[in-house]
Amino acid sequence: MKITLANAEAALDEVQRDADKLHSRELRKVIAEYIETQREALKAIRKKLH
């Protein structure tokens, strides 16, 4: 499960890098908020596993 969580975090990093290249500030902001929500969810999952 740890490998899968690490892969999820890496995927979020990749999405963040791709989003940073977008021209629309509004879209970048929405994506950043979504990514932060997903990071919080990953943290919660990690806490439950430990």
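Up top you'll find the structure we're talking about.
What you see is a predicted model; the values in this text were computed from it and never measured.

## Some points on the overall build of the protein
(1) Moving on: Within the protein, the secondary structure is distributed over two helices and zero strands.
(2) Moving on: The C-alpha atoms of the protein give 12 Å as radius of gyration, which overshoots the globular expectation for 50 residues (10 Å, by more than 25%).
(3) Moving on: Dimensions along the principal axes, computed over C-alpha positions, put the protein at roughly 40 × 15 × 5 Å.
(4) Moving on: Per-residue burial over the protein gives 10% buried out of 50 residues.
(5) Moving on: Of the side-chain charges in the protein, 11 are positive and 9 negative, and the distance between the mean point of each set is 4 Å.

## Topic: the pattern of salt bridges
Oppositely charged side chains may form a pair once their charged atoms are brought near each other.
(1) Moving on: What the rule picks out here adds up to three salt bridges.
(2) Moving on: Residue Asp13 is joined to Arg39 by a salt bridge in which the shortest nitrogen-to-oxygen separation is 2.8 Å. Taken together, the positions of Asp13 in helix H1 (residues 2-20) and Arg39 in helix H2 (residues 25-49) put the pair 26 residues apart, joining distant regions of the chain.
(3) Moving on: Note that Lys43 is salt-bridged to Glu40, the shortest N-O span being 3.5 Å. A residue pair is termed a helical-turn pair when its members lie 3 or 4 positions apart in one helix, as Lys43 and Glu40 do in helix H2 at three residues.
(4) Moving on: Given a relative accessible area of 47%, Lys43 falls into the partly exposed group.
(5) Moving on: For Glu40, a relative accessible area of 40% corresponds to the partly exposed category.

The rules we used
- Residues numbered from 1 in each chain as written.
- Predicted model: local features only at pLDDT ≥ 70, side-chain atom pairs only at ≥ 80, totals over all residues.
- Heavy atoms only, no water.
- Helix = DSSP H or I, 4+ residues; strand = E, 2+ residues; numbered from the N terminus.
- Rg over C-alpha atoms; globule rule 2.2 N^0.38 Å.
- Buried < 20%, exposed > 50% of the residue type's maximum accessible area, 1.4 Å probe, protein only.
- Lys, Arg positive; Asp, Glu negative; His and termini not counted.
- Charge placed at Lys NZ, Arg CZ, Asp CG, Glu CD.
- Salt bridge = Lys/Arg side-chain N within 4 Å of Asp/Glu carboxyl O.

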